[in-house]
Amino acid sequence: MTAETPVHNHDHHDHDSCTHSHGVIDPSLASSERGLWAVKWSTAGLLITVLLQVGAVYLSGSVALLADLLHNVGDIISALPLGIAFWMGRLAPSRRFQYGYGRVEDLAGVMIILIIAASAVATGYESIQRFIHPQPLEHLGAVAIAAGIGFIGNESIALFRIRVGKEIGSAALVADGYHARTDGLVSLAVVISAIGLWLGYPWADPVVGLGITFALLHIVWDSGQTILTRLLDGIEPGTTEQLQLALAKYDYTNLKARWMGHQLYAQVCLAVESEMSVGDGDAIANQLRTHLQQEIPYLSDICIEMQKKS
C-alpha cells in the first residue's frame, strides 16, 4: 500500500522555512503488518511446543520442566498484547491520537517485561520449595525428550522474532524474541537436569530451576531498560549514530529523534545558502528524505527545517 503525502512549507520569517517530509511508501503500515504476521505464526509454533510438553510435566513432576512450560505459556500470553499493538499500529491517526497508536506497542513491551518477571518469581519459588521438600521424579526419558522439543521450538521462534523485530525496529518484538531464546536455553538446562537426576543427584532439578530464574531476571533488566527508554522518549546511541552518518554530508543542527513503538520520528535543521529559493529547498528536502529512508527503513517521519545562512 502506498500513500502520497505532499511536502508542506511554512515561512517563519525571511530566513527560515520548515519542510515536513513524509515517505512515498508508508513504512509504519508495512512494518506493523509484518510484526503482526511474525507474532501470529511464532505463537502458533509455540502453542504446539507447549502441548507436547504438558504430558511430560504431568508424568514426571519435574520442577525444571514445569518452569520451562510456565515460561512458554507466559510467552504465548505476552504475544496477545503485542499482537493487539501491531494491529492498532495499522490504524490511521485520529483527531484524539494525531501521531497514531504506536505507543501501544511500548505499553505491550512493558507488559511483556512484567510477564517475564512474574515467570521468574514463580520459578524461583517452586525451586526453593523443591529444595525444602524434595520429591522423586519419574519418566526422566520423557522429560529429556520434552525439553529437547522445547529447545528446538523456542530457538526457532526466537530467531524468527528477533530477526523481524530488528528488521522493523520493534524493541518489544525483539524483547519477546530474547524471552523465547531464554526459554530455549531453559529447555536445554532441563535436559541437563534430567541427566543429573538419572546419575543420582536429586538437587540437580531445583538448582537448574534457580539458574532459570536468574536468566529470566537478566532478561527483565536488559530488555526493560530498552523498553522504558523508548517509553520515556529516549533514543539508543546507535540510532542517533545512524542518523548522524546519514546526514554527514549536510550542514545541520538540532538533530532529535524519538520512537513510538517501532516507528522512528526525527527532526533536523539544515543550513542553506541565503539566495536559495523555496523550490530548491523542497528539492533538497525530498533528496534528504529519500536518502534517510533508504539508510533507515523504519524512519516513519522527518521534519526538516531550512534555515538560511546569514
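In short, a report on the structure.

The rules behind each value
Residues numbered from 1 in each chain as written. Predicted model: local features only at pLDDT ≥ 70, side-chain atom pairs only at ≥ 80, totals over all residues. Heavy atoms only, no water. Helix = DSSP H or I, 4+ residues; strand = E, 2+ residues; numbered from the N terminus. Buried < 20%, exposed > 50% of the residue type's maximum accessible area, 1.4 Å probe, protein only. Areas by Shrake-Rupley, 256 points an atom, 1.4 Å probe, with all protein chains shown as cover. Patch = residues over 30% accessible without salt bridge, like charges linked within 9 Å, V, L, I, M, F, W, Y side chains within 5 Å. Salt bridge = Lys/Arg side-chain N within 4 Å of Asp/Glu carboxyl O. Pairing = 2+ DSSP bridges. Right-handed = clockwise from strand over helix to strand, strands pointing away. Phe/Tyr/Trp six-rings, centres within 6.5 Å; stacked < 30°, edge-to-face > 60°. Lys NZ or Arg CZ within 6 Å of the ring centre and 35° of its normal. Core = buried A, V, L, I, M, F, W, Y, C linked by side-chain atoms within 4.5 Å. Contact = heavy atoms within 4.5 Å. Axes fitted to C-alpha atoms, helices over the stretch in contact; angles between N-to-C directions. Parallel < 35°, antiparallel > 145°, perpendicular 65-115°, else oblique. Nonpolar A, V, L, I, M, F, W, Y, C, P; charged D, E, K, R; others polar.

### Thoughts on the overall build of the protein
Argument step 1. Regarding its fold elements, the protein presents eight helices and five strands.
Argument step 2. Each helix (α) and strand (β) of the protein, taken in turn from the N terminus, gives the series β-β-α-α-α-α-α-α-α-β-β-α-β.
Argument step 3. Counting every position in the protein, which comprises 310 residues, the buried fraction comes to 47%.
Argument step 4. Carbon and sulfur atoms form 65% of the exposed surface of the protein, whose accessible area is close to 15400 Å².

### Quick look at a nonpolar patch on the surface
Argument step 1. Among the surface-exposed residues, I128, F131, I132, I195, W198, L199, Y201, W203 and V207 lie close enough to one another that they form a single nonpolar patch of about 990 Å² accessible area.
Argument step 2. When contributions to the nonpolar patch are tallied by element, the ones reaching two or more residues are α3 (103-132) and α5 (171-198).
Argument step 3. Examining the composition of the nonpolar patch, we find that three residues originate from one element, α3, more than from any other.
Argument step 4. You can see W198 is positioned in helix α5.

### Remarks on the pairing of strand β5 (residues 299-308)
Put simply, side chains in a regular strand alternate between the two faces of the sheet.
Argument step 1. Counting buried positions along β5 yields seven of ten residues, so the element is predominantly enclosed.
Argument step 2. Relative to β5, strand β4 (residues 263-272) runs parallel, the two being bridged by nine bridges. Note that in β5 the partner of A271 across the bridge is Q307.
Argument step 3. Remark: the β4/helix α8 (residues 278-295)/β5 crossover connection has right-handed handedness.

### Details of the packing of aromatic side chains
Argument step 1. Taken as a whole and judged by the stated rule, the model has two aromatic pairs.
Argument step 2. Ring centres of Y99 and Y265 lie 6.0 Å apart, and the angle between their planes is 80°; on these two criteria the pair is classed as edge-to-face. Here the residue Y99 occupies a position in the loop between α2 (63-89) and α3, and Y265 occupies one in strand β4, the gap between them amounting to 166 residues.
Argument step 3. Directly above the ring of W259 sits R230, whose terminal nitrogen or CZ lies 3.8 Å from the centroid.
Argument step 4. It is R258 that lies over the ring of Y99; its NZ or CZ is 5.3 Å from the centre.

### Some details on the nonpolar core
Argument step 1. Membership of the largest hydrophobic core comes to 29 residues, with the highest contact counts inside it found for V39, L82, F86, I116 and L173.
Argument step 2. Elements with a contribution of two residues or more to this core: α1 (27-60), α2, α3, α4 (140-168), α5 and α6 (204-231).
Argument step 3. No other element matches the seven residues that α5 contributes to this core.
Argument step 4. If we skip the residues at most four places from it in the chain, L173 touches G35, A38, V39, L82, F86, R161, V164, G165 and I168.

### Describing the pattern of salt bridges
Argument step 1. Following the criterion strictly, the structure yields five salt bridges and no others.
Argument step 2. A salt bridge links R163 to E167, with the nearest nitrogen and oxygen atoms 4.0 Å apart. With a gap of four residues between them, R163 and E167 both fall in helix α4, about one helical turn apart.
Argument step 3. Residue class for E167 comes out partly exposed when judged on its relative accessible area of 41%.
Argument step 4. Across the pair R258 and D233 runs a salt bridge whose closest N-O atoms are separated by 3.3 Å. Taken together, the residues span a long stretch of sequence, with R258 in strand β3 (residues 252-260) and D233 in the loop between α6 and α7 (237-246) at a distance of 25 residues.

### Focus on the packing of α5 against α6
Argument step 1. Close contact between α5 and α6 brings their axes to 9 Å; oriented N to C, the two are set at 170°. Regarding the angle of α5 to α6, the classification is roughly antiparallel.
Argument step 2. Its residues assigned to classes, the contact of α5 with α6 shows 15 nonpolar, six polar and three charged.

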